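Chain and residue survey
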Amino acid sequence: MTAPGSTVRITLVRGDITEQDVDVVVNAANSSLLGGGGVDGAIHRRGGPAVLADCRRLRASHYGKGLPTGRAVATTAGNLPARHVVHTVGPVYRREADQSDLLASCYRESLRVAVELGARTVAFPAISTGVYGWPMDDGARIAVTACREAAGPPLTEVRFVLFDRQAYEHFARALHGTG
Ligand code: AR6
């Protein structure tokens, strides 16, 4: 599914982020950068030890205290079909505090790092909508809006990879107003 009329195509697929043949796959990481469950666990499992080794190097150098929420940093993609992994840390959802801009920042910063790497194609999961508890409808709206605003050349495709039908439908509504 593709949004018409923009230079960068925003596309939706149902599937597994670790199977995407793109330049950059974005990881919904935590600030330790040392792995976890969900997308993070899947990326480290399939990417293999080279991804973790790069993450450990980042912790030993620039990110001694971990990667702050809303920021993004790149590593090798190891055995994944992608060329790079960009790790970003979504906010944990809290009903009593509006952290929408931190979630939008994950998408903006990941795209900025991807462009620095010369990427043309980037695949995102629905950041913060799993363990971190962000409601899918709102998470989809923030994701689509942030990427529409931030994605420009040399990027040609921003792909959202949604694990299940419900997530796909929320992203379709955010992208097209239907679903
Ligand atoms: N491909 C695509 N989407 C997936 C996949 C996959 N292989 N696996 C899960 N999802 P989550 P978060 C969906 O929990 O909420 C980790 O432990 C999932 O259904 O991976 O940002 C980290 O280490 C959900 O909609 O990320 C952090 O501690 C979405 O991807 C914490 O979880 C994101 O779910 C980050 O939590």
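Structure shown above.
Fair warning: this is a prediction, and the values are worked out from it, not measured in the lab. (Residues numbered from 1 in each chain as written. Predicted model: local features only at pLDDT ≥ 70, side-chain atom pairs only at ≥ 80, totals over all residues. Heavy atoms only, no water.)

This paragraph deals with helix α4 (residues 136-150). One turn of the α-helix equals 3.6 residues, which is why residues spaced by three or four share an orientation. Under the 1.5 Å per step criterion, the end-to-end length of α4 is 21 Å for 15 residues, consistent within 8% with the ideal 21 Å. Among the residues of α4, those classed as buried are M136, G139, A140, I142, A143, V144, A146 and C147. On the buried face of α4, the contacting elements are β1 (9-14), α3 (100-116), β5 (121-124), β6 (157-162) and α5 (165-176). (Helix = DSSP H or I, 4+ residues; strand = E, 2+ residues; numbered from the N terminus. Expected span 1.5 Å × (residues − 1). Buried < 20%, exposed > 50% of the residue type's maximum accessible area, 1.4 Å probe, protein only. Contact = heavy atoms within 4.5 Å.)

Turning our eyes to something else, we now look at helix α1 (residues 38-47). Turning to α1, its buried residues are D40, G41, A42, I43, H44 and G47. The first or second residue beyond α1 is G48, which carries a positive phi of 85°.

To continue, consider the layout of surface pockets. Of the pockets and cavities examined, the largest pocket occupies roughly 590 Å³. In this structure, the largest pocket is lined by 28 residues; those nearest its centre are A28, G38, V39, G130 and V131. The set of elements that each furnish at least two residues to the lining of the largest pocket consists of β2 (24-29), α1 and β6. When residues of the lining of the largest pocket are assigned to their parent elements, the largest contribution, five residues, is made by α1. Tallied by class, residues from the lining of the largest pocket come to 15 nonpolar, nine polar and four charged. (1 Å grid on protein atoms, 1.4 Å probe; cavity = no way out; pocket = protein on both sides within 12 Å on 5 of 7 lines; lining within 4 Å. Points joined across faces, edges and corners; volume = space filled by probe spheres on them. Nonpolar A, V, L, I, M, F, W, Y, C, P; charged D, E, K, R; others polar.)

A word on the sheet that holds β5. Read across the sheet, six strands follow the order β1-β6-β5-β2-β4-β3 without closing on themselves; strand pairing throughout is mixed. Two strands bound the open sheet, and with one partner strand each, they are β1 and β3 (72-76). Strand-to-strand twist across the sheet, computed as the mean angle between neighbouring axes with direction ignored, equals 25°. Across six bridges, the pairing between β1 and β6 is parallel. Among the inter-strand pairings, R14 is bridged to a residue of β6, identified as L162. Most of the contacts of α1 go to β2, to which it runs at about 130°, and overall it touches β2 and β4 (84-89). (Pairing = 2+ DSSP bridges. Axes fitted to C-alpha atoms, helices over the stretch in contact; angles between N-to-C directions.)

What follows covers the pattern of salt bridges. Any two side chains of opposite charge can pair, so long as their charged atoms come close to each other. Taken as a whole and judged by the stated rule, the model has 10 salt bridges. When the shortest N-O distance is used, the salt bridge between R9 and E157 registers 3.5 Å. With R9 in strand β1 and E157 in strand β6, this pair connects stretches of sequence that are 148 residues apart. We classify E157 as buried; its relative accessible area is 9%. Residue D54 pairs with R57 through a salt bridge whose shortest N-O separation is 2.6 Å. Of this pair, D54 and R57 are both found in helix α2 (residues 49-60), three residues apart, which corresponds to roughly one turn of the helix. Residues joined by salt bridges that share partners form a network here, namely R9, E157 and R159. (Salt bridge = Lys/Arg side-chain N within 4 Å of Asp/Glu carboxyl O.)

On their own, these measurements won't tell you what the molecule is for.
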